[in-house]
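Now for the letters of each chain:
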There are 2 protein chains.
Amino acid sequence: MGEFTTVAVDAMGGDDAPGVIIKGAVDAVTEKSQLKLVLVGDRETIEKELSGYTYDKDRVDIRHASQVISNDESPVAAIRNKKDSSIVVCQKMVRDGQADAMVSAGSTGAVLAGGQLIVGRLKGVERAPLAPLIPTEKGFSLLIDCGANVDARPSALVQFAKMGSVYMEHIIGIKDPKVAIVNIGAEEEKGNQLVKETYPLLKAAKGIHFIGNIEARDIPAGKADVIVCEAFVGNVILKMYEGVASTLFHKIKEGLMSSVRTKMGALLIKPTLKNLVKQFDAAEYGGAPLLGLKGLVVKSHGSSNALEIKNSIIQCIAFKEQDISGKIGDMLTDN
Amino acid sequence: MGEFTTVAVDAMGGDDAPGVIIKGAVDAVTEKSQLKLVLVGDRETIEKELSGYTYDKDRVDIRHASQVISNDESPVAAIRNKKDSSIVVCQKMVRDGQADAMVSAGSTGAVLAGGQLIVGRLKGVERAPLAPLIPTEKGFSLLIDCGANVDARPSALVQFAKMGSVYMEHIIGIKDPKVAIVNIGAEEEKGNQLVKETYPLLKAAKGIHFIGNIEARDIPAGKADVIVCEAFVGNVILKMYEGVASTLFHKIKEGLMSSVRTKMGALLIKPTLKNLVKQFDAAEYGGAPLLGLKGLVVKSHGSSNALEIKNSIIQCIAFKEQDISGKIGDMLTDN
């Protein structure tokens, strides 16, 4: 492509920061020659971590930030008061065009609040939804919205459907992605006030492949590619994934330790089971994009490992090269 | 106790009706001498099924009903038009005091609609919530409301908390049950409009043990006994249980069949795993009560087996003997 994608990486956010963040960043920049990174956080700490790696120094900068926002702080207050925090500095870089995208595994609330307040929404976007990829039997679906802004209006849900479709088609590569709205039944007339009002709008919307309602039980089966819902419901869906999976694996473990027979069986199936746990436990794959902003903001979950950080960073290249913001802008003003 | 509990049983509803229904009914009446049953449905079919069993004929009656409501029919239209359907006849018996309770594994919509329209709510009850028991790591929790009436008001959610507490204490035997409201964070100020308005009301409510917010991921872990939510959210939670569990078990099966090593392991752990599938697959344990009505309406899930039908019927005895309707009435007018 010739052109670089510049990603601001919050080196200080996440359970295992800065270690796994720096490793993921170095791996990403080594794998993708069109990538430039700015590692944001305490300069001394970052330099010390970096000193252990060999990488192309021309494509990795450090931007010092003296503060860190913790998960316990009130997000809005934190982004207002900690103007030199790694998250806020990353967001200002995106706002000012010094970076095309940012990746953070830090405070979800601060990333979401700063995304709206500092980076800012694209023209015409009512709300910037957080859209993680969730595992299904067939692969992944995009769950949109799981953010912090609850009680959305029907028109915002229609925008979610459009933004999600652009993302799944051009970043994930699913042609003509199937869009469904979460409901308590499969019939058109079912639902709460919000869903009843949104349904006909989705049916009439141009440029999306709307297949109707989806019941929650069909989400893990992968019956739709873009799962549209209001953020409260999206949050419940995402966390039920984690909760049910974790409880089931505890129960299985307990069951497997209950007799000599099952203990022997457990030894044989352990690698397979471990693989599954990994697939389902975190629920969110790589980083979840906050869509509809003037630049890409990617939220990686707090327990991200280096591979997930690497993938979150690499995702930003396609976002820039495919001009997702432009495509979203076109789609929202199109009809 | 001396006094009988009379239960009207919908012999025609459910995937395996009337076979498993009649078997469950006969098992219940044989096990509990204080039980009287009225089997409602096609007399000839019921008599034929009954002819294979030995039981106390003095405590089992048949009430002929010429119609059956199917799952595909519009619930409200069905209960209005099919006045001689097994569900409607059961509900009229409860309304008229000919039965203390009814149990149906038939159309959920018709059972819910008829519960409100035919049986009727207790004085002061805003909505009659459907409250299934869901499996957790510690045992069970009551998920209230999973019914068809969405968009409840805060005052209705407070009533759910009270009704759920009475049920868990006096039917399930959990002393001072912990009540939590489903939210997207643990902090008091989080949530959508409904939860924000409901939270202080729950905090101030007398006679319940309110512990605050519960995030969806903590529901399967069993962190509260009574999980209060609006019906749309309750439906999503219930169906995510089924969906995630079913997808996980598919994935595990697939993984176990992937090599000779895991196939050997699978043979050893099969009974343990099967047991777990059974525990989680149906999600709802036995019958879910529709609370707040002038009599007990129990909805058993469509795929109920005879044991689950038996348990649903037996549950009705405690409901009558503990005067749950009276206790709910007292609690709602108390403060």
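Residue numbers here run from 1 along each chain, matching the order of that chain's written sequence. Lettering for chains starts from A, numbering for ligands starts from 1, and both go in the order in which the items are written. Confidence filtering applies because this is a predicted model: local features only for residues at pLDDT of at least 70, side-chain atom pairs given and counted only at 80 or more, and all residues used for totals across whole chains, interfaces and linings. Side-chain calculation: all heavy atoms of the structure are included, whereas hydrogens and water are not.

Chain A is annotated in an unreviewed UniProt entry as Phosphate acyltransferase from Candidatus Onthocola gallistercoris. The record in UniProt for chain A states the following under Function (unreviewed entry): "Catalyzes the reversible formation of acyl-phosphate (acyl-PO(4)) from acyl-[acyl-carrier-protein] (acyl-ACP). This enzyme utilizes acyl-ACP as fatty acyl donor, but not acyl-CoA." Heading Subcellular location (unreviewed entry) of the UniProt record for chain A holds this comment: "Cytoplasm". UniProt positions are given in the numbering used here, feature names are shortened, and annotations may be inferred rather than shown by experiment.

Overview of the interface of chain A and chain B
Contact residues are listed per partner, giving 51 residues for chain A and 51 residues for chain B. Contact between chain A and chain B buries roughly 4,700 Å² in total, counting both sides, with carbon and sulfur atoms accounting for 73%. Using a 1.4 Å probe, buried area is obtained as the accessible area two parts lose upon being combined, added over both of them. For the chain A face of the interface with chain B, the top three residues by lost area are Ile184, Phe232 and Met240 of chain A, together amounting to 15%. Counted as salt bridges are all cases of a side-chain nitrogen of Lys or Arg within 4 Å of a carboxyl oxygen of Asp or Glu. Remark: the boundary between chain A and chain B carries four salt bridges. Put simply, arginine 217 of chain A and glutamate 242 of chain B hold a salt bridge, and the shortest N to O gap is 3.1 Å. Contacts are residue-level and defined by heavy atoms, with any inter-residue pair within 4.5 Å sufficient.

Comments concerning the packing of helix H1 (residues 19-31) of chain B against helix H10 (residues 306-321) of chain B
All names here are of chain B. It is at 7 Å that the axes of H1 and H10 come closest, and there the two elements cross at 50 degrees. The pairing of H1 with H10 is recorded here as oblique in orientation. Taken as a pair, H1 and H10 cross one another with a handedness that is right-handed. Across from Val20, Ile21, Lys23, Gly24, Ala25, Asp27, Ala28 and Glu31 in H1, the residues of H10 making contact are Ala306, Ile309, Lys310, Ile313 and Ile314. In this classification, the charged set is Asp, Glu, Lys and Arg, the nonpolar set is Ala, Val, Leu, Ile, Met, Phe, Trp, Tyr, Cys and Pro, and all remaining amino acids, among them Gly, are polar. Looking at the contact of H1 with H10 residue by residue, the classes come out as eight nonpolar, one polar and four charged. Structural elements are reduced to axes, namely lines fitted to C-alpha atoms, with helices fitted over the stretch in contact, and the angle between N-to-C directions of any two is expressed from 0 to 180 degrees. By definition, any uninterrupted DSSP run of H or I lasting at least four residues is a helix, any uninterrupted run of E lasting at least two residues is a strand, and each is numbered from the N terminus. Our angle categories are set so that under 35 degrees counts as roughly parallel, over 145 as roughly antiparallel, 65 to 115 as roughly perpendicular, and the remainder as oblique. We call a crossing left-handed when the near helix sits turned anticlockwise from the far one by less than a right angle, and right-handed when that turn is clockwise.

Things to note about the packing of helix H1 (residues 19-31) of chain A against helix H2 (residues 43-50) of chain A
Residues and elements named next belong to chain A. Viewed as axis vectors pointing N to C, H1 and H2 meet at an angle of 60 degrees, and their least axial separation amounts to 10 Å. Judged by the inter-axis angle, H1 sits oblique to H2. Every pair of crossing elements has a handedness; the one defined by H1 and H2 is right-handed. The segment H1 lies against H2, with Gly19, Ile22 and Val26 engaging Ile46, Glu49 and Leu50. Classifying every residue of the contact of H1 with H2 gives four nonpolar, one polar and one charged.

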